[in-house]
Amino acid sequence: MDKEEILKRCNAICRNTLMETLDIDFVDVGDDFLTARMPVTQKVHQPDGVLHGGASVALAESVGSAASYIFLDTNNYAIRGLEISANHTRSKKEGHVFATARFLHKGRTTQLWEIKITDEENELISICKLTTIALKK
């Protein structure tokens, strides 16, 4: 599949899900990464008006899971998340954040993803690690 077809499929699976609720859309893909964008609005703020860490984690897990769908054998394996961790380095009040998932480890059974969340100026907002497992269908 070409880049546009991959992005189209990733965005299509978001309908009627948390990703649609958070306005997450997939905007770029390459040989070893997938990037999604999420607007920072009141919808994803915590009470004091900045991006909620939980929304950042939801974005990270969404892009990591979608990257698994692209880069792993999902015809024969079901991919499930085992653990996610996040470190939030900077707050964000408005604009967009971008999450890019890349493999740190691509094993047959377990995979480790690094997901960096940055803003429009490429400033680091959060960094997450997602561990997934491939289960034979």
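What counts, and at which threshold
Residues numbered from 1 in each chain as written. Predicted model: local features only at pLDDT ≥ 70, side-chain atom pairs only at ≥ 80, totals over all residues. Heavy atoms only, no water. Helix = DSSP H or I, 4+ residues; strand = E, 2+ residues; numbered from the N terminus. Rg over C-alpha atoms; globule rule 2.2 N^0.38 Å. Salt bridge = Lys/Arg side-chain N within 4 Å of Asp/Glu carboxyl O. Buried < 20%, exposed > 50% of the residue type's maximum accessible area, 1.4 Å probe, protein only. Contact = heavy atoms within 4.5 Å. Polar contact = N/O pair within 3.5 Å; in protein donor to acceptor, adjacent residues only side chain to side chain. Phe/Tyr/Trp six-rings, centres within 6.5 Å; stacked < 30°, edge-to-face > 60°.

Draft legend 1. Highlighting the overall build of the chain. When you go through the chain residue by residue, the secondary structure sums to three helices and six strands. If you list the helices and strands of the chain from N to C, you get α-α-β-β-α-β-β-β-β. Relative to the compact-globule value of 14 Å for 137 residues, the chain shows a C-alpha radius of gyration of 14 Å, a close match. Each principal axis of the C-alpha distribution contributes one length, and for the chain these read about 45 × 30 × 25 Å.

Draft legend 2. Structural context of the pattern of salt bridges. Tallying each qualifying case throughout the model produces seven salt bridges. Across the pair Glu120 and Lys92 runs a salt bridge, and its minimum N-O distance is 2.7 Å. Of this pair, Glu120 sits in the loop between β5 (110-119) and β6 (124-136) while Lys92 sits in the loop between β3 (77-88) and β4 (95-106); the two residues are 28 residues apart in sequence, bridging distant segments of the chain. Glu120 gets classed as partly exposed once you look at its relative accessible area, which sits at 39%.

Draft legend 3. Seen up close, the environment of Lys43. With respect to the helices and strands, the residue Lys43 is situated in the loop between β2 (34-40) and α3 (53-71). Between the alpha carbons of Lys43 and Asp23 there is a distance of 9.6 Å; along the sequence they are 20 residues apart. Leaving out residues up to four positions away in the same chain, Lys43 has contacts with Thr21 and Asp23. Within the local environment of Lys43, its side chain forms a polar contact with the backbone oxygen of Thr21, the two atoms lying 3.0 Å apart.

Draft legend 4. Broad picture of the packing of aromatic side chains. Applying the stated rule across the entire model yields two aromatic pairs. A ring pair is formed by Phe71 and Phe103, whose centres lie 6.4 Å apart and whose planes are at 65°; its orientation type is edge-to-face. A residue pair is termed long-range when its members are at least 10 positions apart, and Phe71 in helix α3 and Phe103 in strand β4 qualify at 32 residues. With relative accessibility at 18%, the residue Phe71 sits in the buried group.

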